[in-house]
Amino acid sequence: MRLFAAVFFGLGVVFCRAFELKNFNFGDHGYNSVLTLLNETNKLCPDISRIYSLDEKTVEGRDLVVIEFTADTPGTHVVGKPEFKYVGNMHGNEVVSREVLLALVAYLCQGYREKNKEVTWLLQKTRIHIMPSMNPDGWELANSRPRKNGKKPWLDGRANANNVDLNRNFPEVDKLEYKYEKLKDGLNNHIMTLNKALSTPHLAPETRAVIKWLYSIPFVLSSNLHGGDLVANYPYDESRDYSKTSQYSASPDDVLFRYLAKSYSKFHPSMSDPMRTPCDMSGDQDLPEFKDGITNGAKWYSVAGGMQDFNYLATNCFEITLELGCNKFPYPKEEKKYWEDNREALVNYMFQVHIGIKGVVESNGKKVPNATIKVINMTSGSPIKHDVLSGKLGDYYRLLMNGDYKIRVVADGYYPEERCVTVSNKHMKEAQVVDFNLTPSSSKEPERRNDCVPSRQLDLDGGMEQKLQDSLYDRIYGDYVYNTNDYQLYDYLKRILRPVIGI
Ligand SMILES: [Zn+2]
């Protein structure tokens, strides 16, 4: 399965170099023990880590603690170095995410100290933020509840100490976006400023703290980790038709999001396994919808006010939501297995922050923040109606699948600039750098370039992801390879089917 996943995603990842954690105690990490573990890690790896807390505390006065990892420059955003985050335990009674993120913290530190090639590369090229618990108050409540038949109560500790479900508490950006979609050239990104977001009524302090965090760091990719099921969930979370509790609600980046979700599920030993036991033993109907271990959020069930869609629609960050297992609060002795099951997926997903393109928008040496980066997929001929903006230092990051694109940069006071780009993502390779030097509109208009011509030499593994994922090829042969690790057959089919698929 690993080999197939690696080939399928065109990233060449085979995690044969994954290593065992030393001196890590799996178990229920209470608030103080989380702080101790983070501090000890920071002492072990002072050059590559930093601990900080968000602006506001929880209802009960606990810090929302984050540990950041990056080589050379902890504490500073560096142009060209993408920002990544994992947020765990948003629902306080879903503890697996908290435990696996703490293990990941130890793993990154140990991997760097032992000069593990992948960990070192990741930390040199990425700034990674890990918040093991967004709801430490809820964890305390859940932890205090006795087990019955081995299980904690299903809901106690899910919400914060004021009984607010944090994953329903973000500003409802989906509704706004669905209105904008109906307008010609309606806003498709950053549809809410920080001040507007903070003025939303009834924000919990934890939500408010996270909103400020999202606007203060130019995050590119993230995941929000949960428990209670086993699936990778991607935007949108809310149905376009609000009356429907289940409706596939594709975002403009649907193909990319499905890829991102699979870049987790396929690296987990059972998330994408069609034969796995459903979580709801009474006859859960989720599995047909969870093909490949992924689901569109609204298709599963519609959620308003979730954190995932807020990231995508109000900031530059692309986020998916991961459900790490049926049992929300397993026994401490089971947690090592959860870590082992998620280790490769957690690492592989972080690498995805390096797909696509990145660069700086400037004009004669002056950085241009808030420039709009628009993308037209030349392979399909359609625009991807979700723009990203350049940050304060003029840098931008645009996650993209392999393929041909026209990139158009628009900024007030400048002529638009276009560039043709062929994206070819590879494992342990940074996003392609595509810088823009804009001409002020007070100067003579520069000559236009020729229109982009799509390349015909696309990499089948990733270039035609949508075609591949939906194709007969994937449906018929994908599962075979998936089940048998038959790379040679996969390679053979790839070659003979290339002309049939038409690329
Ligand atoms: Zn949850």
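Treat the numbers as computed from the prediction; the structure is a model and nothing was measured. (Residues numbered from 1 in each chain as written. Predicted model: local features only at pLDDT ≥ 70, side-chain atom pairs only at ≥ 80, totals over all residues. Heavy atoms only, no water.)

Q: Can you tell me about the pattern of salt bridges, naming the residues and giving the values?
A: Tallied over the full model, the rule gives 35 salt bridges. Of the charged contacts, one joins Asp 292 and Lys 262 as a salt bridge, the two residues approaching to 3.1 Å between their closest N and O atoms. Here Asp 292 is found in the loop between α9 (254-265) and β7 (294-296), whereas its partner Lys 262 is found in helix α9, with 30 residues between them in sequence. Across the pair, Lys 262 and Asp 292 agree in class, each one buried. One salt bridge connects Glu 340 with Lys 336, and the closest N-O pair in it is separated by 3.5 Å. Separated by 4 residues within a single helix, Glu 340 and Lys 336 lie in helix α12 (residues 335-351), roughly one turn from each other. Classification of Lys 336 by relative accessible area gives partly exposed; the value is 40%. (Salt bridge = Lys/Arg side-chain N within 4 Å of Asp/Glu carboxyl O. Helix = DSSP H or I, 4+ residues; strand = E, 2+ residues; numbered from the N terminus. Buried < 20%, exposed > 50% of the residue type's maximum accessible area, 1.4 Å probe, protein only.)

Q: Provide a residue-level description of the packing of helix α4 (residues 117-125) against α12, including the pertinent values.
A: Their axes nearest at 11 Å, the elements α4 and α12 cross at an angle of 40°. Taken as axis vectors, α4 and α12 run oblique relative to one another. Handedness of the crossing formed by α4 with α12: left-handed. The residues of α12 that touch α4, namely those facing Glu 118, Trp 121 and Leu 122, are Val 347, Met 350 and Phe 351. The class makeup of the residues in the contact of α4 with α12 is 5 nonpolar, no polar and 1 charged. (Axes fitted to C-alpha atoms, helices over the stretch in contact; angles between N-to-C directions. Parallel < 35°, antiparallel > 145°, perpendicular 65-115°, else oblique. Left-handed = near helix turned anticlockwise from the far one by under 90°. Contact = heavy atoms within 4.5 Å. Nonpolar A, V, L, I, M, F, W, Y, C, P; charged D, E, K, R; others polar.)

Q: Which residues make up the sheet that holds strand β12 (residues 382-389), and what values do they have?
A: Reading across the sheet, the 4 strands line up as β12-β11-β14-β15 and stay open at both edges, with antiparallel pairing between neighbours. The sheet is open, and its two borders are formed by β12 and β15 (417-423), each paired with just one other strand. Sheet twist, expressed as the average angle between the axes of neighbouring strands with direction ignored, equals 25°. (Pairing = 2+ DSSP bridges.)

Q: An account of the coordination of the zinc ion is requested, with residue identities and associated values reported.
A: Taken together, the protein donors to the zinc ion comprise His 91 (ND1), Glu 94 (OE), Glu 94 (OE) and His 226 (ND1), at separations of 2.0 to 2.7 Å. Considering all 4 donor atoms around the zinc ion, the spread of angles at the metal, 53 to 150°, places the coordination shape in the irregular class. Along the chain, the residues that donate to the zinc ion are spaced as H-x2-E-x131-H. Taken together, the residues Glu 94 in the loop between β3 (83-87) and α3 (96-113) and His 226 in strand β5 (residues 219-226) connect sequence positions 132 residues apart. (Donors = N, O, S within 2.8 Å, 3.2 Å for Na, K, Ca; no water. Tetrahedral: all angles 85-135°; square planar, octahedral: opposite > 155°, others 65-115°.)

Q: Could you give me a rundown of the state of the cysteines, with the residues and numbers involved?
A: For the structure shown, the criterion picks out 2 disulfides. Covalently, Cys 45 is tied to Cys 109 through a disulfide, its sulfur atoms 2.0 Å apart. Residues Cys 45 and Cys 109 are joined by a disulfide whose S-S torsion is about 95°; by sign, that bridge is right-handed. With Cys 45 in the loop between α2 (31-44) and β1 (49-53) and Cys 109 in helix α3, the pair connects residues that are 64 residues apart, well separated along the chain. Take Cys 45: its relative accessible area is 4%, and that puts it in the buried class. Residue pairing for Cys 279: its cysteine sulfur links by disulfide to Cys 326, the two sulfurs lying 2.1 Å apart. Judged by the sign of its S-S torsion, about -75°, the cystine formed by Cys 279 and Cys 326 is left-handed. Here Cys 279 is found in the loop between α9 and β7, whereas its partner Cys 326 is found in the loop between β8 (318-325) and α12, with 47 residues between them in sequence. On the basis of relative accessible area, Cys 279 is assigned to the buried category, the value being 15%. (Disulfide = S-S within 2.5 Å.)

Q: An account of the environment of Met 401 is needed here, citing residue identities and associated values.
A: Considering the arrangement of structural elements, one finds Met 401 in the loop between β13 (395-398) and β14 (403-410). Once the C-alpha coordinates of Met 401 and Ser 424 are considered, the two residues, 23 residues apart in sequence, prove to be 7.8 Å apart.

Q: Help me get a handle on the pairing of strand β9 (residues 357-363), residues and values and all.
A: The element β9 is extensively covered by neighbouring structure, given that 6 of its 7 residues are classed as buried. Bridge count for β9 against strand β16 (residues 432-433) is 2 bridges, and the pairing is parallel. Note that in β16 the partner of Ile 357 across the bridge is Gln 432. Pairing analysis gives 2 bridges linking β9 to strand β17 (residues 436-437), with the strands arranged parallel. Considered in β17, the bridge of Val 361 is made with Phe 436. By the bridge criterion, 2 bridges tie β9 to strand β10 (residues 366-367) in an arrangement that is antiparallel. Within β10, the residue paired with Glu 362 across the bridge is Lys 367.

Q: Can you explain the packing of aromatic side chains? Please cite residues and give values.
A: This model, assessed by the stated rule, comprises 22 aromatic pairs. Ring geometry for Phe 24 and Phe 26: centres 4.7 Å apart, planes at 70°, overall edge-to-face. Side by side, Phe 24 and Phe 26 carry an identical accessibility label, which is buried. Taking 6.4 Å as the distance between ring centres and 25° as the angle between the ring planes, the aromatic pair formed by Tyr 178 and Tyr 242 counts as stacked. Taken together, the positions of Tyr 178 in helix α6 (residues 173-181) and Tyr 242 in the loop between β6 (229-234) and α9 put the pair 64 residues apart, joining distant regions of the chain. By relative accessible area, which is 40% here, Tyr 242 ends up partly exposed. One aromatic cluster is present, built from ring pairs that chain together Tyr 178, Tyr 236, Tyr 242, Phe 257, Tyr 312 and Phe 318. (Phe/Tyr/Trp six-rings, centres within 6.5 Å; stacked < 30°, edge-to-face > 60°.)

Q: Tell me about the sheet that holds strand β4 (residues 127-131), and name the residues and values.
A: Strand order in the open sheet formed by 8 strands is β1-β2-β4-β3-β5-β8-β6-β7, and the pairing between neighbours is mixed. Of all strands in the sheet, those with a lone pairing partner are β1 and β7, marking the two edges. Shown here is a sheet whose adjacent strand axes are inclined to one another by a mean of 20°, direction ignored. Sheet topology note: the β6/β8 ladder contains 5 bridges and is antiparallel. Across the sheet, Leu 230 pairs through a bridge with Leu 324, a residue of β8. Sitting on the sheet, α3 is in contact with β2 (65-69), β3, β4, β5 and β8, with an inclination near 145° to β4.

Q: Pulling in residues and values, what's your account of α3?
A: A turn of α-helix holds 3.6 residues, and therefore any two residues three or four places apart point the same way. The terminal C-alpha atoms of α3, which comprises 18 residues, lie 26 Å apart, in line with the 26 Å expected from a rise of 1.5 Å per residue. With 16 of 18 residues buried, α3 is to be regarded as a mostly interior element. (Expected span 1.5 Å × (residues − 1).)

Q: If you had to explain the side chain of Ser 239 to someone new, which residues and values would you point to?
A: As for its placement among the helices and strands, Ser 239 is situated in the loop between β6 and α9. Only 2.9 Å separates the side chain of Ser 239 from the backbone oxygen of Lys 244, close enough to count as a polar contact. Among residues more than four places away in sequence, those in contact with Ser 239 are Tyr 178, Lys 244, Thr 245, Ser 246, Gln 247, Ser 249, Ala 298 and Ser 302. (Polar contact = N/O pair within 3.5 Å; in protein donor to acceptor, adjacent residues only side chain to side chain.)

Any functional reading would require information that these geometric values do not contain.
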